[in-house]
Structures are given as structure tokens and as C-alpha cells.
Amino acid sequence: MRKLYVIGIGAGDPDQVTVQAIKAMRQVEVFFVIGKGAEKRELVEVRTAILTEHVDRPYRIGEIAAPPRDRAPADYRGVVEDWHERRSAVLEDAFAQVDGVGGILVWGDPSLYDSTLRMIERVLARGTVHFDYTVIPGVTSVQALAARHRMVLHGIGEPVHITTGRRLREEGLADAAVVMLDGDCSFTEVPGADVHIWWGAYLGMPDEILIEGPLREVEREIVDRRAGLRAEKGWIMDIYLLRRT
């Protein structure tokens, strides 16, 4: 493979794809799609819809089966490092079969809680295949959440803290935090009656849902809706902002 484009495509809305991303997609001959099982087939279909809307030249889609990993390990970092290594090996095999321009469509932006760039660097470090790659930024779910709730993420002169559900459970909430990758509804473990939450799921997609209010008043609604949606669709993508009032 001569060239690889790593393209941020936003949170799911085809209208969030930037002009720069569209120009890059129109250079690609083979798009590599890392599948995550039949229950997440819809994620592949959303990518396909984005390509159908924005790409006006022939291309191929190469689906790659993602290796599984333990979602509740005792050694979190070690398990993730091993998963990255196995995942990069699968990518390397796919890259080796392409003589031309490849592309990977990344949800949101490749720089924020996504492992694609780390795996590409592992592939290049092994030296078996050689290519140049370019990263195209995209609209993150953080930005989409703020836009859909029509809010500013931080107070005047304050920082923005972005973390995960695991870290929220371990470290607690100081003043405000955007929380990603929280499969355990960690907001229910945040103490206090002075916390407000802005929550969103499937941002940018037709079945997007938003809930906002004092945490103690709406947390049960979020937990129940989240569980119901995940059972119905087989997967869920959600994100939220917590802020002490």
C-alpha cells in the first residue's frame, strides 16, 4: 500500500463530514472497515451511507474482523496493549494485500479515545509493509454533545476535563467532566445533590436521544433508557457532561 488516509467522520451524521474529509475519501481505492460483530452491523451501514453520499468514484470495502478482548480485566493496560498488538497484526495482513490508496473511517476524531493511530504505528514499526499516512480531523462526540444541548462545555476561564467512566469511578468528580466510554453508568456513583448531567446517545444518528437535568432526578431514566436501547439494538454509543452547580 502506498498511502493510507485515516479520516475522522464525525459522530454519525453525514452532514458532519468535512470538505477535507470528502476530498480525502475521493482519493481512496480501498476502505478498511473493522467489524465488531453482527450486533454492530449498523455501524458499518452508517459508514457505507456516508461513502454513498460523498464519494463519486469506484471503491472497495475490505471488512476486517476485530479480535475480541476482556472488557473487565484486572490488568487493564496490559490487556489493551495485547489487544492493540493483535489488532494491528490483522490490519497489517489487510494492508499487505492492497497496492494503492487505502482509507480508514474513524468515528469522531482519530485523536480522541481511538486506537487506530497507535495500531498503524505498530504496523509501521514492524517494517513488513511500508506506506505514508495522513490524518484528517473530524467532529467529535464531545462537540456534538455540546451542540445538541446548545451549551458551552466549560465556565468562563475554566478548563475542559475529558475522561472515561473507569477514571470517573476511581477519581470522582471535582467540578466538571465530559465522560466517554462508560458502559457501567458511573454517574450513579457520583455523590452529591448539586450535580447536573447532559447526556446523549447515538448522536448524529436518526435515533439520537438527549436527556438533561439534575443528576439525582434523571439518573434512573438514563440508566433505564440506556439499558433498553442497548438491548434493542445490541450496541450503544453515549457520552455525557457532569457539572457541579
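Bear in mind the structure is a predicted one, so any value in this text is a computation, not a measurement. Residue positions are given per chain, counting from 1 as you read along its sequence in written order. Local features in this predicted model are restricted to residues whose pLDDT is 70 or higher, and side-chain atom pairs enter the listing and the counts only when it is 80 or higher, whereas totals over whole chains, interfaces and linings include all residues. The side-chain numbers reported here are obtained from all heavy atoms of the structure, hydrogens and water having been left aside.

Draft legend 1. View of empty space enclosed by the protein. Definitions used for this entry: grid spacing 1 Å over protein atoms alone; cavity, a set of points where a 1.4 Å probe fits but cannot get out; pocket, an open set with protein on both sides within 12 Å along at least 5 of 7 lines; lining residue, one with an atom within 4 Å of a point. Grid points are joined across faces, edges and corners, and a volume is the space filled by probe spheres set on the points. Per the counting criterion, the structure on display carries 1 cavity of 30 Å³ or more. Leu 153, Pro 159, Val 160, His 161, Ala 176, Ala 177, Val 178 and Leu 241 are the residues that line the largest cavity. The greatest single-element share of the lining of the largest cavity, amounting to 3 residues, is contributed by strand E7 (residues 176-180). All residues other than Ala, Val, Leu, Ile, Met, Phe, Trp, Tyr, Cys, Pro, Asp, Glu, Lys and Arg, Gly among them, are scored as polar; the first ten of these are nonpolar and the last four charged. Broken down by class, the residue content of the lining of the largest cavity amounts to 7 nonpolar, 1 polar and no charged. Per the convention used, a helix needs a DSSP run of H or I reaching at least four residues, while a strand needs a run of E reaching at least two, with both numbered from the N terminus.

Draft legend 2. Spatial organisation of the packing of aromatic side chains. Side-chain rings of Phe, Tyr and Trp, where Trp is taken by its six-membered ring, are said to pair if the distance between their centres is within 6.5 Å; with planes under 30 degrees apart they count as stacked, over 60 as edge-to-face, and otherwise as tilted. For the coordinates displayed, the defined rule picks out 5 aromatic pairs. On the basis of an interplanar angle of 90° and a centroid distance of 5.5 Å, the ring pair of Phe 31 and Tyr 59 is categorised as edge-to-face. Linking Phe 31 in strand E2 (residues 30-35) with Tyr 59 in the loop between helix H2 (41-54) and strand E3 (60-65), this pair joins segments that are 28 residues apart in sequence. Arranged with centres 5.2 Å apart and planes meeting at 90°, the rings of Phe 187 and Tyr 240 form a pair that is edge-to-face. With Phe 187 in the loop between E7 and strand E8 (195-201) and Tyr 240 in strand E10 (residues 238-244), this residue pair connects regions lying 53 residues apart in the sequence. When its relative accessible area of 1% is taken as the criterion, Phe 187 is described as buried. Overall, Tyr 240 belongs to the buried group, its relative accessible area being 1%. In this structure an aromatic cluster arises from ring pairing among Phe 32, Phe 95 and Phe 131. Any Lys NZ or Arg CZ found within 6 Å of a ring centre and within 35 degrees of that ring's normal is scored as a charge over the ring. Geometry around Tyr 5 places Lys 3 over its ring, the cationic atom sitting 5.3 Å from the centre. We note Lys 233 situated over the ring of Tyr 202; from NZ or CZ to the ring centre the distance is 5.0 Å. Accessible area is worked out with a 1.4 Å probe on protein chains only. A residue is then buried under 20% of its type maximum, exposed over 50%, and partly exposed in between.

Draft legend 3. Here's a closer look at the pairing of E10. Of all 7 residues that make up E10, 5 are buried, and the element is covered over most of its length. Two elements, E7 and E10, share 4 bridges in a ladder whose sense is antiparallel. Counted as the bridge partner of Val 178 is Leu 241 from E10. Strands were regarded as paired on the criterion that DSSP finds at least two bridges between them. Relative to E10, E8 runs antiparallel, the two sharing 7 bridges. Counted as the bridge partner of Trp 198 is Leu 241 from E10.

These results come straight from atomic positions and should not be treated as a statement about function.
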